[in-house]
Amino acid sequence: MGPKELRDFAAGLGEKPFRGDQLAAWLYRKGAVSFSEMTDISLSARALFSENAELGPIVTISRREPSQDGAVKFLNLLPDGEMVESVLIRERDRVTLCVSSQVGCALGCAFCRTGTMGLRRDLTQGEIIGQILAARKEIPDPIGNLVFMGMGEPLLNRPWLHKALSVILDPRYLAVPHKGLTVSTVGPIPGLKAFGAAFPTVPLAISLNAADQSLRESLMPVARKYPLKDLKEALLAYPLPPKRRLTIAWVLLDGVNDSLADARALSRFLGGLRAKVNLIPFNPWPGAPFGRPSEKRVLEFQELLLGKKITTIVRKSRGSQVGGACGQ
């Protein structure tokens, strides 16, 4: 249940609706796992709630895999036995959690291992938030950054994603700041429009990877349904707040999309857009049909874009030793 459902739940039992707000604060802000912990709620109300509801973690961590670079990959067990992964990334000045939005993924991007699973189902609001609550118990430091870059396509799970974000962003509950949150997407156009209308201040990362239609189709089958031309129009119309930019993610694949000609095509695609570029050298996985480009090739790609006044960052992947880096 989210805050609204909790208010309705309390009211339906004859309690004041504000009791639902208290429940939400205990669940989401304080991580309570029993009604007995909720000491600012009367004993009679706690007894009533416990008679009418079950309280406990929706997501439990069944395996932890620490990486040499400080990242930790979690295997999260869901109530029906399905599993999803999340990755906790510790850096000197912040802690980031990468979470999943679906069990598997239907999109089949050629460079992404999750795509080989197919889609099993969407995650619910509780399962999305449950990954955060479970990870929070693992470390003493607050999770300051949250990225939807795990398993699944977030904008194809809009109803549950939007409900989860309302709790994640609410200062009364999980209180993740807007600037500390990023949603990564391949760019399904109806989802882009709906997300922009609902959460225009939440940073968005577009997984592009090719600025040529035929190449993008071969790497990302979604491009057949949503061609680059239509995607560009949707991004030009996206309701970006002043001084904000879209992030364009580009997974560099050796000999596929890492040439200077590819960098020039990307530069042309970005014309008219307020955007920066994240370059992600491919992280290999067993059976992957691609290789990781040389550092020299990566830097040449970056230098060309920088020369065209496009902010371009080479992203350092974390968790690769345990299969927890981007695409693994």
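See the structure shown above.
In this text the structure is predicted, and so the values were computed from the model without any measurement. (Residues numbered from 1 in each chain as written. Predicted model: local features only at pLDDT ≥ 70, side-chain atom pairs only at ≥ 80, totals over all residues. Heavy atoms only, no water.)

**Digging into the overall build of the protein**
Cut-off, in case you're wondering: Each helix corresponds to a stretch of at least 4 residues labelled H or I by DSSP, and each strand to a stretch of at least 2 residues labelled E; elements are numbered beginning at the N terminus. What the globule rule says is 2.2 Å times the number of residues to the power 0.38, and the radius of gyration is computed from C-alpha atoms. The contact criterion used is simple: two residues touch if any of their non-hydrogen atoms lie within 4.5 Å. In these tables, accessible area is a Shrake-Rupley quantity obtained with a 1.4 Å probe, and a residue counts as shielded only by the protein chains included in the view. Under this rule, positive means Lys or Arg and negative means Asp or Glu; His and the chain ends count for nothing. Throughout, a charge is located at the NZ atom of Lys, the CZ atom of Arg, the CG atom of Asp or the CD atom of Glu.
Within the protein, the regular secondary structure consists of 11 helices and 12 strands. Taking 328 residues into account, the globule formula puts the C-alpha radius of gyration at 20 Å, and the protein, at 21 Å, falls close to it. Counting only C-alpha atoms, the protein reaches 70 × 40 × 35 Å along its principal axes. Across the protein, contacts joining residues at least 24 apart in sequence account for 62% of those joining residues at least 6 apart. Entry remark: accessible area of the protein is about 15,000 Å², with carbon and sulfur atoms responsible for 53%. A gap of 6 Å separates the mean positions of the 43 positive and 31 negative side-chain charges of the protein.

**With respect to the nonpolar core**
Definition in use: Residues grouped as a nonpolar core are buried Ala, Val, Leu, Ile, Met, Phe, Trp, Tyr and Cys residues, joined through side-chain atoms within 4.5 Å. Relative accessibility decides the category of a residue: with a 1.4 Å probe and only protein chains considered, values under 20% of the type maximum give buried, values over 50% give exposed, and everything between is partly exposed.
With 97 residues, the main nonpolar core has Phe148, Ile168 and Phe195 as its most contacted residues. Not counting chain neighbours up to four residues away, the residues in contact with Ile168 comprise Ile129, Ile132, Leu146, Phe148, Leu174, Ala175 and Val176. Residues Ala71, Val87, Cys98 and Val147 belong to the second largest nonpolar core, which totals five residues.

**Here's the deal with the packing of helix 5 (residues 158–169) against helix 6 (residues 189–198)**
Each pair of packed helices can be described by the angle between their axes along with the distance between the axes. Threshold: Axis angles are defined between N-to-C directions and span 0 to 180 degrees, where every axis is a line fitted to C-alpha atoms and, for a helix, only to the segment in contact. Throughout this description, any angle smaller than 35 degrees is read as roughly parallel, any larger than 145 degrees as roughly antiparallel, any in the 65 to 115 degree range as roughly perpendicular, and the remainder as oblique. Crossings are classed by handedness, with left-handed meaning an anticlockwise turn of the near helix from the far one by less than a right angle and right-handed meaning a clockwise turn.
The N-to-C vectors of helix 5 and helix 6 enclose an angle of 20 degrees; their axes lie 12 Å apart at closest approach. Classified by the angle between their axes, helix 5 and helix 6 sit roughly parallel to one another. Between helix 5 and helix 6 the crossing geometry is right-handed. Mapping the contact onto sequence places Arg158, Leu161, His162 and Leu165 in helix 5 and Pro190, Gly191, Ala194, Phe195 and Ala198 in helix 6.

**With respect to unusual backbone geometry**
Positive phi outside glycine occurs at Ala175, with the angle close to 55 degrees. On the secondary structure map, Ala175 appears in the loop between helix 5 and strand 8 (181–185). A positive phi angle is found at Asn209, which is not glycine, with a value near 75 degrees. Take Asn209: it is sitting in the loop between strand 9 (204–207) and helix 7 (213–219). On the basis of relative accessibility, which here comes to 0%, the residue Asn209 falls in the buried class.

**Focus on the packing of helix 10 (residues 260–269) against helix 11 (residues 295–307)**
We apply this condition: Residues are grouped as follows: Ala, Val, Leu, Ile, Met, Phe, Trp, Tyr, Cys and Pro are nonpolar; Asp, Glu, Lys and Arg are charged; all remaining types, including Gly, are polar.
Where helix 10 contacts helix 11, the axes come no closer than 9 Å and their chain directions differ by 35 degrees. As helix 10 runs across helix 11, the sense of the crossing is right-handed. Residues Leu260, Asp262, Ala263, Arg264, Leu266 and Ser267 of helix 10 pack against Glu300, Phe301, Leu304 and Leu305 of helix 11. Among the residues forming the contact of helix 10 with helix 11, the class breakdown is six nonpolar, one polar and three charged.

**Regarding the pairing of strand 4 (residues 94–98)**
Worth spelling out the cut-off: A strand pair is defined by DSSP finding two or more bridges across the two strands.
When you tally the buried positions in strand 4, you get four out of five residues, the bulk of the element. Note: strand 3 (residues 83–91) against strand 4, five bridges, orientation antiparallel. Within strand 4, the residue paired with Leu88 across the bridge is Leu97. If you look at the hairpin formed by strand 3 and strand 4, you'll find two residues sitting between the two strands. Strand direction decides the pairing type here: strand 4 and strand 7 (residues 145–148), joined by three bridges, are parallel. For Cys98, the partnering residue across the bridge sits in strand 7 and is Val147.

**Considering the pattern of salt bridges**
Our working rule: One speaks of a salt bridge when a side-chain nitrogen belonging to Lys or Arg is within 4 Å of a carboxyl oxygen belonging to Asp or Glu.
As enumerated under the stated definition, the model contains 17 salt bridges in all. Of the charged contacts, one joins Glu15 and Arg19 as a salt bridge, the two residues approaching to 3.6 Å between their closest N and O atoms. The class of Glu15 is partly exposed, set by a relative accessible area of 22%. When the shortest N-O distance is used, the salt bridge between Glu127 and Arg121 registers 2.9 Å. Each member of the salt-bridge network shares a partner with another, and the members are Arg63, Glu65, Lys73 and Glu85.

**Description of the pairing of strand 10 (residues 246–252)**
Most of strand 10 sits out of view: seven of its seven residues are buried. Because side chains alternate across strand 10, one face comprises the buried residues Leu246, Ile248, Trp250 and Leu252, and the other comprises Thr247, Ala249 and Val251, equally buried. When strand 9 meets strand 10, the two strands line up parallel, connected through three bridges. Looking at strand 10, one finds that Ile206 is bridged to Ile248.

**Here we look at the packing of aromatic side chains**
What counts is decided by this rule: Under the pairing criterion, centres of Phe, Tyr and Trp rings, with the six-membered ring standing for Trp, must be within 6.5 Å; the plane angle then separates stacked pairs below 30 degrees from edge-to-face pairs above 60, leaving the rest tilted.
For the coordinates displayed, the defined rule picks out six aromatic pairs. Ring plane angle 35 degrees and centroid distance 5.6 Å describe the contact between Phe9 and Phe49, whose orientation is recorded as tilted. Here the residue Phe9 occupies a position in helix 1 (residues 3–12), and Phe49 occupies one in helix 3 (residues 43–52), the gap between them amounting to 40 residues. In this structure Phe49 comes out as buried when scored by relative accessible area, which is 0%.

**Some thoughts on the side chain of Ser67**
The condition is simple: Pairs of N or O atoms within 3.5 Å make up the polar contacts considered here, provided that, within protein, one atom can donate a hydrogen while the other can accept it, and that residues adjacent in sequence are counted only when both atoms are side-chain atoms.
Topologically, Ser67 is positioned in the loop between strand 1 (60–66) and strand 2 (72–77). There is a polar contact of 3.0 Å between the side chain of Ser67 and the side chain of Asp69. With near-sequence residues (within four places) excluded, Ser67 lies in contact with Gly319, Ser320, Gln321 and Val322.

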